[in-house]
Amino acid sequence: MMIWRSNVLLLLLIYGLFLTRIESLRFELESGHTKCIAEEIKGHSMTVGKYHIINPNDGHPLPDTHKVTVRVTSEHGNDHAHHYAENVHEGHFSFETAEAADYHTCFTAAEHKPLVKLTVDFEWKTGVAAKDWKNVAKKASVEAMEIDLKHMLETVQGVHDEMFYLREREEEMQELNRDTSYKLAWMTGLSILVSLSVAGLQVWHLKTFFEKKKLI
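Description of the structure in this document. (Residues numbered from 1 in each chain as written. Predicted model: local features only at pLDDT ≥ 70, side-chain atom pairs only at ≥ 80, totals over all residues. Heavy atoms only, no water.)

1. Structural notes on the pattern of salt bridges
Within this structure, the stated rule accounts for eight salt bridges. Measuring nitrogen to oxygen at the nearest pair gives 2.6 Å for the salt bridge that ties arginine 169 to glutamate 40. You can see arginine 169 sitting in helix α3 (residues 144–212) and its partner glutamate 40 sitting in strand β2 (residues 34–41), a full 129 residues away along the chain. On the basis of relative accessibility, which here comes to 32%, the residue glutamate 40 falls in the partly exposed class. Between glutamate 175 and arginine 178 there is a salt bridge; the shortest N-O distance is 2.8 Å. Of this pair, glutamate 175 and arginine 178 both sit in helix α3, three residues apart, which is roughly one turn of the helix. For glutamate 175, a relative accessible area of 45% translates into the label partly exposed. Beyond isolated ion pairs, a larger network of salt bridges with shared partners links Glu40, Arg169 and Glu172. (Salt bridge = Lys/Arg side-chain N within 4 Å of Asp/Glu carboxyl O. Helix = DSSP H or I, 4+ residues; strand = E, 2+ residues; numbered from the N terminus. Buried < 20%, exposed > 50% of the residue type's maximum accessible area, 1.4 Å probe, protein only.)

Okay, structure coming up:
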């Protein structure tokens, strides 16, 4: 019985890993340029991110030229920034999404002459991965097993939410396919009607021409 429970818990944890996204990357950014990272996140999901500029000279302070302006927005609400930081070396953000959408994190380096190339380290987590379970355990002062159970509950909830999200997306795709098929059938019928009309006009024109020439 204990082995069966362990296997079930292990499967839930493995499946839960597929429902979370951890975007960790390092990229270069030239002064005067902007680079945006996009992530599709479902609604009512927690997301956190942190970023910092890599110091090109270890042991020395980071130059003032190595600063970026960071803006996090949604494709449905670009007028409202979920996070905005201007001329910073590092920072972090966290918020709960209101709706399913593509969220963009844009880094802009200030313009300098001569050109400066910055290296940005960026980590972006969503879903269960966005929860800081170590801090939860430290603040709540609970046993490790209880923390694991809480993590399990979050994973199961994530599975449940993801299933409904995928079902909604499937219904949207089916509706789009039906609409496309209807329009395609309508256009096909219209094309056939136009072709028949043109063919009829051509036959009538040739018949009239031959009659005038008294060939028929």
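2. Remarks on the side chain of serine 31
Mapped onto the elements, serine 31 comes out in the loop between β1 (21–30) and β2. In this structure serine 31 touches Ala109, Ala110, Glu111, His112, Leu115 and Val116, once residues within four positions along its chain are discounted. (Contact = heavy atoms within 4.5 Å.)

3. Structural notes on the state of the cysteines
Under the counting rule described, the total for this entry stands at one disulfide. Paired by a disulfide, cysteine 36 and cysteine 106 hold their sulfur atoms 2.0 Å apart. The sign of the S-S torsion, about 110 degrees, decides the handedness of the disulfide formed by cysteine 36 and cysteine 106: right-handed. Remark: cysteine 106 occurs in strand β7 (residues 101–109) and cysteine 36 occurs in strand β2; sequence separation between them is 70 residues. Cysteine 36 sits in the partly exposed class, given a relative accessible area of 42%. Look at cysteine 106 and you get buried, because its relative accessible area is 17%. (Disulfide = S-S within 2.5 Å.)

4. Remarks on a nonpolar patch on the surface
Taken together, Tyr182, Trp186, Met187, Leu190, Leu193, Val194 and Val198 make up a surface patch of nonpolar side chains, about 720 Å² in accessible area. Within the secondary structure, valine 194 sits in helix α3. Look at valine 194 and you get partly exposed, because its relative accessible area is 45%. (Patch = residues over 30% accessible without salt bridge, like charges linked within 9 Å, V, L, I, M, F, W, Y side chains within 5 Å. Areas by Shrake-Rupley, 256 points an atom, 1.4 Å probe, with all protein chains shown as cover.)

5. Quick look at unusual backbone geometry
Omega for the bond connecting lysine 113 with proline 114 falls within 30 degrees of zero, at 0 degrees, which places this linkage in the cis form. Following the sequence through the fold, proline 114 ends up in the loop between β7 and β8 (117–126). Even without being a glycine, histidine 44 presents a positive backbone phi close to 55 degrees. Examined against the element boundaries, histidine 44 turns out to sit in the loop between β2 and β3 (46–53). What makes histidine 44 exposed here is its relative accessible area of 60%. You will see that asparagine 87, though not glycine, has its phi angle at about 50 degrees, which is positive. You can see asparagine 87 is positioned in strand β5 (residues 83–88).

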